[in-house]
Amino acid sequence: MFENGIFNMKSKVNVVPSNSAMSKIGGNSDIATALLGAALLLSGIESAHSQSIPSEASLNFKYLNYEEKQQGLKRITAKAPSLQLILPIAGEWLLDGALTSDDVSGASPRYHTAISGASKMSDYRKAADLSLTRYFENTSLSIGSSYSSEHDYDSLALSITAAFSTPDKNRTWSFGVGASSDTINPTNKIVRDEHKKSKNILLGVSQILTPVDLVQFTVTHGRGEGYFSDPYKLLDERPRHRNQSSVFARWNHHLPESGATARVAYRYYRDSFSIKAHTFQAELEKELVDGWSITPLLRVYSQSAAGFYFDPVYDSQFGEPFPRGYQFGVKQFSSADQRLSGFGALTLGVSISKKMQNQWAIDFRLERYEQRTQWRLFHRGSTGLLPLSATIMQIGLSKQW
Amino acid sequence: MRHGDSDSHQNKMSRIQRRLSMLIVIGIVCATTGCSLIRPVQVWDKGYLAKNSMKFDYDKLAMKNGEHIYTSKEAASGSSSVGGGGCGCN
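Just so we're clear, the structure is a prediction, and the values are computed from it rather than from any experiment.

(A) Spatial organisation of the overall build of chain A. Each helix and strand counted, chain A has two helices and 20 strands in total. By sequence separation, contacts in chain A at least 24 residues apart represent 59% of the contacts at least 6 residues apart. With the model as given, the accessible surface of chain A reaches about 19,300 Å², and the carbon-plus-sulfur share is 61%.

(B) Highlighting the pairing of strand S9 (residues 171-184) of chain A. Residue and element names in this part refer to chain A. Of the two faces of S9, only the one carrying Thr-172, Ser-174, Gly-176, Gly-178, Ser-180, Asp-182 and Ile-184 is buried; Arg-171, Trp-173, Phe-175, Val-177, Ala-179, Ser-181 and Thr-183 on the other face are not. In this sheet, S9 lies alongside strand S8 (residues 153-165) in antiparallel orientation, the contact comprising 13 bridges. Looking across to S9, one finds that Phe-164 is bridged to Trp-173. Between the end of S8 and the start of S9, which pair antiparallel, lie five residues, with Lys-169 showing a positive phi angle near 60°.

(C) Representation of the pairing of strand S3 (residues 58-70) of chain A in the model. Residue and element names in this part refer to chain A. Alignment of S3 against strand S4 (residues 73-89), held across 12 bridges, turns out to be antiparallel. Across the sheet, Lys-69 pairs through a bridge with Lys-74, a residue of S4. Taking the residues that link successive antiparallel strands as the turn, the S3-S4 hairpin has two residues, and the phi of Gln-71 there is positive, at about 50°. Pairing of S3 with strand S20 (residues 388-400), which is carried by 12 bridges, proceeds in the antiparallel orientation. Paired with Phe-61 across the bridge in S20 is Leu-397.

(D) Structural view of the interface of chain A and chain B. Facing 103 residues of chain A, the contacting portion of chain B comprises 49 residues. In total, chain A and chain B occlude about 6,100 Å² of area from one another, counting both sides; carbon and sulfur atoms represent 57% of this. Run the count over chain A and chain B and you get six salt bridges. Taken together, the links from chain A to chain B amount to 24 residue pairs in polar contact (both at pLDDT 80 or more). Class assignment for the residues of the side of chain A that touches chain B results in 43 nonpolar, 33 polar and 27 charged.

(E) Fine view of the packing of aromatic side chains. Summed over all chains, the structure comprises 12 aromatic pairs over all chains. Between Phe318(A) and Phe328(A), the aromatic rings sit 4.8 Å apart at their centres with planes inclined by 90°, giving edge-to-face as the arrangement. Pair noted here: Phe318(A) is in the loop between strand S16 (314-315) and strand S17 (319-323) and Phe328(A) is in the loop between S17 and strand S18 (343-355), with a separation of 10 residues, a long-range link. Phe318(A) sits in the partly exposed class, given a relative accessible area of 32%. Judged by relative accessible area, Phe328(A) falls into the exposed class, the value being 52%. One aromatic cluster is present, built from ring pairs that chain together Phe228(A), Phe273(A), Phe308(A) and Phe333(A). Across from the ring centre of Tyr70(B), 3.5 Å away, lies the NZ or CZ of Arg299(A), which sits over that ring.

(F) Geometry of the environment of Ile86(A). All names here are of chain A. Note on placement: Ile-86 falls in strand S4. Separated by 27 residues in the primary sequence, Ile-86 and Leu-59 place their C-alpha atoms 6.5 Å from one another. The residues contacting Ile-86, other than those within four sequence positions of it, are Ala-57, Ser-58, Asn-60, Leu-94, Leu-95 and Asp-96.

(G) How the structure looks around unusual backbone geometry. Residues and elements named next belong to chain A. A cis amide bond, omega 0°, links Glu-320 with the succeeding residue Pro-321. By secondary structure assignment, the location of Pro-321 is in strand S17. Positive phi, normally seen in glycine, also occurs at Gln-71, with a value near 50°. Given the relative accessible area of 57%, Gln-71 is considered exposed.

(H) Region of the structure containing the pattern of salt bridges. Residues and elements named next belong to chain A. The full count for this structure, using the stated rule, is 23 salt bridges over all chains. Glu-237 is paired through a salt bridge with Lys-331; the nearest N and O atoms lie 3.5 Å apart. Here Lys-331 lies in the loop between S17 and S18 and Glu-237 lies in the loop between strand S11 (213-226) and strand S12 (241-255), a separation of 94 residues in the sequence. The exposure class assigned to Glu-237 is partly exposed, which follows from its relative accessible area of 32%. Arg-263 serves as the salt-bridge partner of Glu-285, at 3.0 Å between the closest nitrogen and oxygen. In this pair, Glu-285 sits in strand S14 (residues 276-287) while Arg-263 sits in strand S13 (residues 260-271), placing the two residues 22 residues apart along the sequence. Arg-263 matches Glu-285 in its accessibility class, with the two residues each being buried. The structure contains a network of salt bridges with shared partners spanning Asp-230, Asp-236, Arg-238, Asp-337 and Arg-339.

Scoring rules and cut-offs
Residues numbered from 1 in each chain as written. Chains lettered and ligands numbered in written order. Predicted model: local features only at pLDDT ≥ 70, side-chain atom pairs only at ≥ 80, totals over all residues. Heavy atoms only, no water. Helix = DSSP H or I, 4+ residues; strand = E, 2+ residues; numbered from the N terminus. Contact = heavy atoms within 4.5 Å. Areas by Shrake-Rupley, 256 points an atom, 1.4 Å probe, with all protein chains shown as cover. Buried < 20%, exposed > 50% of the residue type's maximum accessible area, 1.4 Å probe, protein only. Pairing = 2+ DSSP bridges. Buried area = accessible area lost by both parts, 1.4 Å probe. Salt bridge = Lys/Arg side-chain N within 4 Å of Asp/Glu carboxyl O. Polar contact = N/O pair within 3.5 Å; in protein donor to acceptor, adjacent residues only side chain to side chain. Nonpolar A, V, L, I, M, F, W, Y, C, P; charged D, E, K, R; others polar. Phe/Tyr/Trp six-rings, centres within 6.5 Å; stacked < 30°, edge-to-face > 60°. Lys NZ or Arg CZ within 6 Å of the ring centre and 35° of its normal.

Written out as structure tokens, the structure reads:
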């Protein structure tokens, strides 16, 4: 049952009988659960925790199609296939690697949501992520790296994460440190060889509360310095330091009677640009017959504006895009980037997946994203911007062995 | 140090003290009641927890795609990992 001190998972999928099977066991859910538990114990099922190495390898493919619109006009379109390999090695190591290519094209406003004079762009991004984790009896150590390259932007990031579990594997503490280095060379050559460097730390704890409840609480803090401005936006001058903090909590709850799992998450974010943001996310995965499952999902987001963001109220003398009272030659932080304004956003979506024979699985996910200034929940300011909407579609295929 | 700076420093210190007090209170409450209320779950009771749908990273590629989109359209980023790189996102 134990392999090098780690629970070995013999069969990760479909380990729990369906509702009908449960009722056939005897009709009494307590007895059924006890029998199920005994069966799992005898068959050597792993603990559900992050400290357990999966015994099965998997190859996952995903194709993302993203289309964004503003006032009925197409803005950014992205098509991004990605491939991920998860490979356990010798029962002690786990290799997780992913490759992504991202074909982005369209037009992006040079200030606020102005359509005329939007900068046309076309870019091809390649990204690779690789992590290697070594599992010990109650500890794991993971080293990760990620690389992303565009014709005007390169990024390299490294991370180390350590996780410590209690002997019963009901609680896991995680500590992580990371660093990234970005190089920016915009095509308009407004700056050359600019850099952005950041360091971040993480402290997290996962806890099994009951046989059907798992919670996680994570705090992160990052400090960055360098070029944070957007070189393609007009009058975009941002501070060269940005500190970011977030508190993140999530809770997974399984409902055995209905064969459904609820996943709920909340994040509070704040940074030194004076932006505060709340994110709430909820999903309900419902198992259907013949390996099908359906997951409706909801995401609610709200942020306040950056301290140096200015509303689309322009100077009477200089006109657009100059903010009211603009003074030439006086260096001041300013941005007319919609992403730094105060707004609220809503995502509604659904995911459908099907487990097939020989451990193949397919999935399809469709989401609609809407962003509106008037939807901000807790913050003031930021008016006069056009709504933004996007359709996000993902198709996936995976194989385990 | 100017008068304004002194006020601001005192305000900052009192904010820090308030937060520290809150953390200490939470710690004491957790140590004396909350955490001890959690009854250890035995290994034979972890069948449902082993399901894919109960894992936090059940579909990493979809999560990563989502994070990339939201990071490029919103100001907030980061949550449960470290070492993520940036992009020249439009």
